[in-house]
Amino acid sequence: MEETISLKEIVLVIRKRLGLILSLTIGAALISGLVTLFFITPIYQANSQFLVNQNNAQTDSAVELNDIRTNVELINTYNVIIKSNRILNEVIEELNLTISSNVLSDKLSVGNEDNSQVVTVTATDPDPAMAVSIANTVVEVFQDQIDELMNVDNVSILNEAQLSANPSPVSPNLTLNVAIAFVLGAMVGIGLAFLLEFLDASIKTEDDVEKVLSLPVIGVISHINDRDLAVSSHVAARTMRERGSLHGKAKKTS
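Reading the values: rules and limits
- Residues numbered from 1 in each chain as written.
- Predicted model: local features only at pLDDT ≥ 70, side-chain atom pairs only at ≥ 80, totals over all residues.
- Heavy atoms only, no water.
- Patch = residues over 30% accessible without salt bridge, like charges linked within 9 Å, V, L, I, M, F, W, Y side chains within 5 Å.
- Areas by Shrake-Rupley, 256 points an atom, 1.4 Å probe, with all protein chains shown as cover.
- Salt bridge = Lys/Arg side-chain N within 4 Å of Asp/Glu carboxyl O.
- Lys, Arg positive; Asp, Glu negative; His and termini not counted.
- Charge placed at Lys NZ, Arg CZ, Asp CG, Glu CD.
- Helix = DSSP H or I, 4+ residues; strand = E, 2+ residues; numbered from the N terminus.
- Buried < 20%, exposed > 50% of the residue type's maximum accessible area, 1.4 Å probe, protein only.
- Phe/Tyr/Trp six-rings, centres within 6.5 Å; stacked < 30°, edge-to-face > 60°.
- Contact = heavy atoms within 4.5 Å.
- Pairing = 2+ DSSP bridges.
- pLDDT = per-residue confidence, 0-100.
- Axes fitted to C-alpha atoms, helices over the stretch in contact; angles between N-to-C directions.

(A) Representation of a negative patch on the surface in the model. Judged by side-chain charge, Glu 93, Glu 94, Glu 140, Asp 144 and Glu 160 come together as a negatively charged surface patch. Only helix H5 (85–95) and helix H7 (128–150) provide two or more residues apiece to the negative patch. Its location among the elements puts Asp 144 in helix H7. A relative accessible area of 55% places Asp 144 in the exposed class.

Encoded structure:
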């Protein structure tokens, strides 16, 4: 026979294990916040932009090349060249970096929005000043090398990366991490609450007797706690005193 659970039973289980659920939820959020603040290295980002535009001083061969290839195709090619070892190795040399070209490539992203002629070079690094230097140097080296590589001179620096007075890291995101941990903690807490309830095979109520043993309930013994027992004893003692007092009055009258 397939068992079903009602909404009332779900609420009762959650209420019964509410302490466990809240503990896991708040604990997960606190741990996530502490790890984000003290154990994850913040990463800063800097953007440098250049414009791909035909130069009127170019030779006829360059003009013919631009006619064959659209600006978008050129930009796609430029995106690959920017992250090539030829460009990156020169950037490493100029900045005296101690990392490989592959590591530097992982710190860079290149793209243009909506097939525009403006290309954005984004650099990330734990040091905000270094992120700015990497972004600007990559664009400068690329501008110097593109004429020799493709025999074109159509790259102009549009916006250089600037170091702000109070740079803010792009990662980790404290609010997002805490929110995710909060939701996950609540989900784990609720799941664990229902798991514990499912594994609990003890019989506690008369309804459990009917469901588990399939036996009719012919009587219920109420639970009396110590407080109720003390109150009952006090009431019984007062009743006895009142009866004794009435009995004594009846004797005197007779």
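(B) Summary view of the packing of aromatic side chains. Summed over all chains, the structure comprises two aromatic pairs. Pairing Phe 50 with Phe 142 gives two aromatic rings, centres 5.3 Å apart and planes at 40°, and the pair type is tilted. Here Phe 142 lies in helix H7 and Phe 50 lies in strand E1 (residues 44–52), a separation of 92 residues in the sequence. Residue Phe 50 is classed as buried on the basis of its relative accessible area of 0%. Relative accessible area serves as the criterion here: at 0%, Phe 142 is assigned to the buried category. Ring centres 5.3 Å apart and planes at 70° place the aromatic pair Tyr 78 and Phe 142 in the edge-to-face group. Taken as a pair, Tyr 78 in helix H4 (residues 71–82) and Phe 142 in helix H7 lie far apart in primary sequence, 64 residues in all. The exposure class assigned to Tyr 78 is buried, which follows from its relative accessible area of 0%.

(C) Main features of the side chain of Lys 107. Relative to the helices and strands, Lys 107 is located in the loop between helix H6 (101–106) and strand E2 (108–111). If sequence neighbours within four positions are ignored, Lys 107 has contacts with Ile 99, Thr 122, Ala 123, Thr 124, Asp 125, Pro 126 and Ile 134.

(D) Highlighting the pairing of E2. Here four bridges tie E2 to strand E3 (residues 118–125), and the two strands are oriented antiparallel to one another. By the bridge assignment for E3, Gly 111 is matched with Thr 120. In textbook terms, the turn of a hairpin is the stretch between consecutive antiparallel strands, and for E2 and E3 this stretch comprises six residues, one of which, Asp 114, has a positive phi near 50°.

(E) Main features of the confidence of the model for the protein. Per-residue pLDDT for the protein averages 83, and the proportion of residues at 70 or more is 72%. pLDDT under 50 marks residues 57–68. Its contacts with residues more than four places away, or in other chains, come to 15 contacts.

(F) Representation of the pattern of salt bridges within the structure. Overall, the coordinates contain four salt bridges when judged by the stated rule. As a salt-bridge pair, Arg 86 and Glu 148 come within 3.2 Å of each other at their nearest N and O atoms. Note that Arg 86 is positioned in helix H5 and Glu 148 in helix H7, a separation of 62 residues in sequence. Residue class for Arg 86 comes out partly exposed when judged on its relative accessible area of 40%. Take Glu 148: its relative accessible area is 61%, and that puts it in the exposed class. Taken together, the shared-partner salt bridges in this structure form one network comprising Lys 16, Arg 17 and Glu 197.

(G) Highlighting unusual backbone geometry. Here the bond from Ser 171 into Pro 172 is cis, since omega is 0°, no more than 30 degrees from zero. Structurally, Pro 172 is set in the loop between strand E4 (155–159) and helix H8 (174–199). Non-glycine residue Asn 96 carries a positive phi angle of around 55°. Tracing the backbone shows Asn 96 in the loop between H5 and H6.

(H) Up close: the sheet that holds E4. A sheet is described by the order of its strands in space; here four strands give the open sequence E2-E3-E1-E4, paired in antiparallel fashion. Only two strands of the sheet have a single partner each, and these edge strands are E2 and E4. Averaged over all adjacent pairs, the angle separating strand axes in this sheet is 25°, with direction ignored. In the packing of H7 onto the sheet, contacts are made with E1, E2, E3 and E4, and the angle to E3 comes to roughly 140°.

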